[in-house]
Structure formats: C-alpha cells, structure tokens
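# Commentary on secondary and tertiary structure
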Amino acid sequence: MTFPPTRDEALRRLTAFVPQAGLAYAAGRNTDPGPGQPTAVSRLSPYLRHRLITEKEIIAAVLAQHDARAAEKYVQEVLWRTYWKGWLETRPAVWARFCTERDRQAQAFAGSPTLHEAQTGQTGIEGFDDWVNELAETGYLHNHTRMWFASIWIFTLKLPWSLGANFFLRHLIDADAASNTLSWRWVAGLQTPGKIYLASTDNIARNTNRRFAPKGLATEATALTELPLPGPLDLVEHRVASISEPAMLLVTSEDMHPESAFGAASPFVAAVVATDGQQLWGEAARRFLEGAALDTTTRIGAFFGCPTTRHDSLEPERLLSAARAAGVRQIVTPYAPVGPVADALADISSRLAVEGVTLVQVRRRWDDRLWPHATKGFFPFKARAMASLAAGDLT
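Figured I'd write up the structure that's included with this text. (Residues numbered from 1 in each chain as written. Predicted model: local features only at pLDDT ≥ 70, side-chain atom pairs only at ≥ 80, totals over all residues. Heavy atoms only, no water.)

## Things to note about the pairing of strand β1 (residues 247-251)
Threshold: Accessibility here uses a 1.4 Å probe with only protein chains present; expressed as a share of the type maximum, an area under 20% marks a residue as buried, one over 50% as exposed, and anything in between as partly exposed. The helix count covers DSSP runs of H or I at least four residues long, the strand count covers runs of E at least two residues long, and both are numbered beginning at the N terminus. Strand pairing is defined by DSSP finding a minimum of two bridges between the two strands.
Of all five residues in β1, five are buried, a share of seventy percent or more. Covered by surrounding structure in β1 are Ala-247, Leu-249 and Val-251 together with Met-248 and Leu-250, the residues of both alternating faces. Relative to strand β2 (residues 268-274), β1 runs parallel, the two sharing five bridges. Within β2, the residue paired with Val-251 across the bridge is Val-273.

In structure tokens, the structure reads:
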C-alpha cells in the first residue's frame, strides 16, 4: 500500500472512490481487510490532512453523485476532521497540555520495557504487533484499527495515552494535532468525560475478517481524568479581502493547495514551500511530505507564475532572506491551525516583525464558517455544517 504524494493522485483516488461513497461505504467502513486489500474506505486522509485536496472538494464530489442521506456516513467522516480542528482551535490549552504531558511521560517511561515492546511490535498481542509494523512500513492504519490500537495501548498495556498519541503523530502520514490528539483523548475517556472506548476480541475478529482475535485484552477499564479545562475561546477572523501589495507566498505542510485559497491574480512575486522540521516524522510520513512538497513547488510556480523555492524547515532567517531577495515586506500563508506549525509560525511572526516584515495568515472560508460551531458536540456541528453546505455558504 503506497500513497503517491501528488494532488493528481488525490484527484484520481477521489474519482475512483466517489461511486462507493454511499451505501457501500456505510456497510463496509468498519472492516479492516489488511494492507493492500480492497476496502470500503477512501484512503484519501493523507491528502486531506495536508490539504493536497480539500474537504469542500471531496464533499462536493460525493454529493454530486449521492443524495445526502445515502452519503451521510462518509460526509460525516470528512466533517469530523473539520470539527476536531475547530474544537482544538477554540481550546488551544488542550494542545499545550498534551505537549507538557507527553514530555513528562517520556521522561517517566524512559527505559520502560513495556513501552519499548509496544513501539517495536514485540508485545505478543495478536494484531497489535502487526499494526505497529504496518504503521512503520506504510504510515497508515484503518480508522477502526486506530481505535483498537489506542484502547490496547491505554487499557491493556497501561501506557500513557500521550505517548501513544505521540507515536501516531510521528508515524501516521495523515496525523494532525487535532484529529490525533482528540481521538486518543476520546478513547481514554477524557474528551467525553467518563466515556471510554474498550476494544474487544470479538469486535476485532469480526471487523478484521477473523485475521486477528487477540486474547488477554482488558475487559473493563476506568476513564482517565484531568483538571478542568478553560472554556472555549472566541475565534478571530483571519481572512483578508485582498492582498494589495506585492507579497511572498509561504506554503507549509498544513495547506498544500494554495491555488484554491488565493486567486491566480494574487500579487505573489515569489513563493516558498517550507516543510516543518519541528516534527519527528516517521520514514513513511517523511517520504510523503517530501514528495508532496516537490509536487506543490512545481504546481504553484506554474499557477502563480512566480519563482518558487523549497525549504526543508521553517526557519525565520531563511524566510527573511527570501523576502528580501523578492523585495517584499509581506509574507502571506494559509492559516495554520493549532499544532506544531502554528507554534513555529507564532515565533517566526514575532522575529520577522523586528525586521519590518509582516506575516499574514489567511483562513479559508470553510474553516472561518465552520470552526466557530465546534464548541459543543459533533452532531449539532454536523447539522450546522450541512445547513451551510445546502445554503452554498462555504464557497
């Protein structure tokens, strides 16, 4: 199973999947037949995570061939990613808390044989060890399998959820700060306080076509607890009506299709594609991101008609040098949601400002309209999202 890291491949996969996005997806979405086997899921998540293809494009293509009721389960799956991002965007303290907890637990479990066995696929638990190897080799796991994996990690192996979330973040091609962190919190009973997800032998056997039936899994567990969280923040709009002066475009791994965020007539006189060296990528994820960066560099140079270069890190000095070479005082970038790239951009912005260069983040209308509704549960959010789609308010 491979993921050629180009937008053309994303569009090809979308076209191939759309006919199955209705009832066929709903019936088979929970079954993991194994790597390389035909599956009901789209396997578009690596492309969507880096926005080589957008949520709006995917849902529009699906609803063009299926009515909303038939395609409900798949549309809902795409909207979950938007919901998680909006939820975390209004509660950035959750990301900061995860980072602190991850670092604390990494020290506490340094040298732990259980952690080593879990990370290297040597636990002896049927299925789990196979998934560790699959993750390392492909950078991907079926969504249902990720839930089983997290449950076994937390409740059977009794390892810190934050280290499991970090393990996924370092190896999954499609892991983003919101979906990954909040999904692990949900399994652990933190996201919906008191409600856990507990993997069972029967469920795993049934949904892997009996490839795996692990014994010795935890059959009962207590939800984890934490200190109360601050209330949700109000989001500040990060859109600009137009870019009125010559600017340099900055593309990060958070949004690699700026063509759909800015018009071809935007006054970009130069562009930089900078992948973030802040994150410890696994080999499969690193290869994907490097290939996606090359693809994006070629695409946007042609689309915007400006010199485009690629950087392998987000370094203020290199960006400042590129801006000076282009003769601009403004760098424009698609908005980066809460996570490592946003953390890096906050530091970059303050350091560029000292030199008289402004970093402007522009949020897509999709995010601007939907994220503010991610303050409570998913299903009220989904209702608002579907109403906005029907009204054409997300274009």
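## Some words on the nonpolar core
This is how it is decided: Remark: nonpolar core denotes a set of buried residues (Ala, Val, Leu, Ile, Met, Phe, Trp, Tyr, Cys) joined through side-chain atoms within 4.5 Å. The contact rule is simple, with two residues in contact once any of their heavy atoms fall within 4.5 Å.
With 98 residues, the main nonpolar core has Tyr-74, Phe-128, Trp-131, Phe-149, Trp-153, Trp-184 and Phe-268 as its most contacted residues. By residue number, the principal contributor to this core is helix α5 (residues 72-89), which donates eight residues. Residue contacts for Trp-153: discarding those within four places in its chain leaves Leu-115, Ala-118, Gln-119, Phe-128, Lys-158, Leu-159, Pro-160, Leu-163, Gly-164, Phe-167 and Trp-184. Membership of the second largest hydrophobic core comes to 21 residues, among which are Met-248, Leu-250, Val-272 and Val-341.

## Quick notes on the packing of helix α4 (residues 55-65) against α5
To be explicit about the condition: Every axis in this analysis is a line fitted to C-alpha atoms, fitted for helices over the stretch in contact. Angles between the N-to-C directions lie between 0 and 180 degrees. Angle categories: roughly parallel below 35 degrees, roughly antiparallel above 145, roughly perpendicular from 65 to 115, and oblique for all the rest. What makes a crossing left-handed is the near helix being turned counterclockwise from the far one by less than a right angle; a clockwise turn instead makes it right-handed.
It is the contact of α4 with α5, at a shortest axis distance of 10 Å, that shows an interaxial angle of 160 degrees. The angle between α4 and α5 falls in the class roughly antiparallel. Here α4 and α5 pass one another in a crossing that is left-handed. Touching Glu-55, Ile-58, Ile-59, Val-62 and Leu-63 of α4 are Tyr-74, Val-75, Val-78, Leu-79, Thr-82 and Lys-85, all from α5.

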